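Letter by letter, the chains look like this.
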Amino acid sequence: MSHDWEGLVQEDRVHRALYTDPAIFNAEMTKIFGGTWVYIAHESEIPNVNDYVTRKLGLRPVIVLRDSNNILRVLYNRCTHRGTTLCRHEKGNARAFQCPYHGWNFLNSGKLRGVPWADGYSADIKDEKFNLAQAPRVESYRGFIFATLNLEAPILLNWLGPMTKPIDEWLDRNPGGKIVVCEANRFKYKGNWKLAYDNSSDGYHVIYSHRSLLEMENRLSDAANKGMAYYKNSPDSLAMYVQYMGNGHHFKDKRPNLQARPGGLWAIESTHPGKEYAEAEFRRKYGERADSLLDLAGSEPVNINIFPNLSLLGNHIQVFQPISVNETDAVWYGTRIEDVNGDIGDALGTINALRMRTQEGFPNFGEVDDLANFEQIQVGLQCEEDEWIYMNRGHGIPDRIKTNADGTITAPATDEVFMREYIKEWKRLMKGPTPLSIKREP
Amino acid sequence: MSVGAQDPSVSSFYVNDSFYGDLIARFQDWDHDRHGICDPVERDGFRLLLEREARFLDQHKYDDWLAMLTRECVYWAPARPGGGDPRTEIAVMFDDRRRLEDRVFRLRSEFAWSQAPASRTVRMISNVEVFEYGEMDRRMLRSNFIINEFWDNEIRQLVGWCGYDMQNIDGRWLIRAKQINLINCDRCIRNPSIIL
């Protein structure tokens, strides 16, 4: 298969085939979801030795685990005998995995431990080729576990590059710089996975796609300044901005819209179950400290989008999981905090309960509308003669977009520059030779 | 002003530590045969109530539906089979009175794109069981449901069971808590935007 990548991805537009062509999707599963770092799980999901979760690396079923020697591994969930998946559970704790078909048994290092009636094999059943395949490179940045099959990819830290700063800030506002994953709002939509990634820094859709949310969140508010209400008037003139960060990553920073004080974040929170109880209780018990405690339950106004499948937004870890060219799962993992430094005490339970409720708001009342729009893009793109998708907002306007000393690019909040830039990285990966490999324990 | 004087449609004081604690206790370990009520009259009364609730939701009669719930109510669809702990885990939905009214407000706006056009639903309720739990003015109910939902030219089924914490106020049974247990609650669900 060969595509005219230059023709499909142009300066300010892309061809519909990027979203509709099954051959391009299949190539993406190799070259993107294999050829670059892909987010695979969070360490808090597998805190103990022998803990595992089952996930997908592109379309490859994998078991992400902390093995008996405390090494993070991404094992292919595929028996080396006939290809059966070994593990069918979402999560658990296991030193070994036994194939339910013929009983081959593998240690969680991937090594074949034994097979029934080994004397029936003439070849050495201890040969390395019978050990499970696994991602040759697995690295973690502050709890976020990534994997790639590309031995030539840069180390994770360099690949994240300037993205580590917003990630650090997102973590460090929580006690001890730590969060724990705790269940999720889980969505499926009938559309291409890139529709979600295109959306992740999109400040242009907010006022329309989320109009029901904005009206709902402000129906009881005199000031009408709750949630993302700051998008209502001239958003491009506000202090918030979008920044392209290289390697396909981008960052939407809405924090500059807030009052820079403890409680500045909480001040724009809309209505949530238990809100007034927590406010009254914290002010009574903790006085001025109440504001910073409430901020821990507030939704951090950033979108930290790490190509190709991870988005940290609010307090969520959102993961995009491609299923097929026109089907995607989007999982919004919630996060809670721990009293790492012992200075939160009794307030912890109330903060976390309120933090759960703030996190349920956007998926329930905002994301559902975006997903309906993604699905309708996929429908609209069936008009095959109408070939182009435009991502030209902000393009060609002098002095609007700024390239910074570190190579990152900053633009007003509604600009589509992040799309134009990330799709160049997509094109680079799709064009290039992609030397993928797996490894097996020796 | 006492906390009790607050209007739960406007402010949320009642969703506090003791509320969560009571909710979790009530939705654990209640549906045992030894608590079951066999009286056909009582059971039929609750069955009628649940069938009326299903009809109100099918007909989008949200005000009538909201009137079936106590002022200080909760509507809870866990994201984990068995319920989990809503204090430390995300739920598919966890609404108090005000958020339920938010939900209705959004559906009635012209801009809820996930419900434009709105789903048509037909709900089937069965296997209604009634249980004693604590005081005589309280009951727990369990029922199975199939919501047949027509949306985007397809009919799909949302399937599960509901637990209800019922309270008799001035001779009328009202829903204090409704727990909706989708059998696929821990998997990705397309367009979960109707009231279950």
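Predicted, not measured: the structure shown is a model, and the values here were computed from it.

What follows covers the overall build of chain A. For chain A, the count of helices and strands is 12 helices and 21 strands. Expressed as lengths along the three principal axes of its C-alpha atoms, the size of chain A is roughly 80 × 60 × 40 Å. Sorting the 442 residues of chain A into buried and exposed places 50% on the buried side. Of the contacts formed within chain A by residues at least 6 apart in sequence, a portion of 65% connects residues at least 24 apart.

Reading across from one edge, β20(A)-β21(A)-β13(A)-β14(A)-β15(A)-β16(A)-β17(A)-β18(A)-β12(A)-β7(B) is the order of the 10 strands in this open sheet, with mixed pairing throughout. Looking at the sheet topology across the chains shown, the edges are occupied by β20 (402-403) of chain A together with β7 (189-190) of chain B. On the sheet, helix α5 (residues 164-172) of chain A packs against β14 (249-253), β15 (302-306) and β16 (310-313) of chain A and is oriented at approximately 130° with respect to β15(A). Helix α12 (residues 417-431) of chain A contacts β13 (241-246), β14 and β21 (409-412) of chain A of the sheet and is inclined by roughly 10° relative to β13(A).

To continue, consider the domain arrangement of chain A. Residues and elements named next belong to chain A. The assigned domain composition of chain A is domain 1 (37-141) and domain 2 (162-429). For domain 1 and domain 2, the distance between their C-alpha centroids amounts to 34 Å. Listed by partner, the interface residues are 8 residues for domain 1 and 12 residues for domain 2. It is strand β2 (residues 38-42) that provides the largest number of residues to the side of domain 1 that touches domain 2, a total of 3 residues. Class assignment for the residues of the side of domain 1 that touches domain 2 results in 3 nonpolar, 3 polar and 2 charged.

Each pair of packed helices can be described by the angle between their axes along with the distance between the axes. Residues and elements named next belong to chain A. With their axes 10 Å apart at the nearest point, helix α9 (residues 275-286) and helix α11 (residues 347-380) run at an angle of 155° to one another. Classed by the angle they form, the pair α9 and α11 counts as roughly antiparallel. Along this stretch, α9 crosses α11, giving a crossing that reads as left-handed. Counted together, K275, A278, E281, F282 and Y286 of α9 and A347, T350 and L354 of α11 form the full contact between these two elements. When its residues are assigned to classes, the contact of α9 with α11 shows 5 nonpolar, 1 polar and 2 charged.

All names here are of chain A. Ordered in space as β5-β4-β3-β6, the 4 strands form an open sheet in which the pairing is antiparallel. Looking at the sheet topology across the chains shown, the edges are occupied by β5 (72-76) and β6 (91-93). When strand polarity is set aside, the average angle formed by the axes of neighbouring strands in this sheet is 30°. Sheet analysis places strand β3 (residues 51-57) next to β6, joined by 3 bridges and oriented antiparallel. By the bridge assignment for β6, D51 is matched with N93.

The next point concerns the interface of chain B and chain A. Across the contact, 39 residues belong to chain B and 41 residues belong to chain A. Those elements that place two or more of their residues in the side of chain B that touches chain A are α1 (17-26), β2 (91-96), α4 (97-108) and β7 of chain B. If one sorts the elements of the side of chain B that touches chain A by residue count, β2(B) sits on top with 6 residues. Partitioned by chemical class, the residues of the side of chain B that touches chain A number 18 nonpolar, 9 polar and 12 charged. Sheet topology places strand β12 (residues 180-189) of chain A next to β7(B); 2 bridges connect them, and they run parallel. Bridge pairing links A:K188 to B:R190 in β7(B).

What follows concerns unusual backbone geometry. Note that the residue after A:F307, namely A:P308, is joined by a cis bond; omega there is 0°. Relative to the elements of secondary structure, A:P308 occurs in the loop between β15 and β16. For the bond running from B:A116 to B:P117, omega is 5°, close enough to zero to count as cis. Assignment of secondary structure puts B:P117 in the loop between α4 and β3 (120-132). For A:D399, which is not a glycine, the phi torsion comes out positive at approximately 65°.

Residues and elements named next belong to chain A. With respect to the helices and strands, G35 occurs in the loop between α3 (22-31) and β2. Among the residues examined, G35 registers 24 C-beta atoms within 10 Å and is labelled buried. Sequence separation between G35 and G366 is 331 residues, and the spatial gap between their C-alpha atoms is 32 Å. Non-local contacts of G35, meaning those with residues more than four positions away in its chain, are made with T30, N150, L429, T434 and L436.

About the thresholds
- Residues numbered from 1 in each chain as written.
- Chains lettered and ligands numbered in written order.
- Predicted model: local features only at pLDDT ≥ 70, side-chain atom pairs only at ≥ 80, totals over all residues.
- Helix = DSSP H or I, 4+ residues; strand = E, 2+ residues; numbered from the N terminus.
- Buried ≥ 20, exposed ≤ 12 C-beta atoms within 10 Å, placed from the backbone.
- Contact = placed C-beta atoms within 7 Å.
- Pairing = 2+ DSSP bridges.
- Axes fitted to C-alpha atoms, helices over the stretch in contact; angles between N-to-C directions.
- Domains from an automatic or database assignment.
- Nonpolar A, V, L, I, M, F, W, Y, C, P; charged D, E, K, R; others polar.
- Parallel < 35°, antiparallel > 145°, perpendicular 65-115°, else oblique.
- Left-handed = near helix turned anticlockwise from the far one by under 90°.

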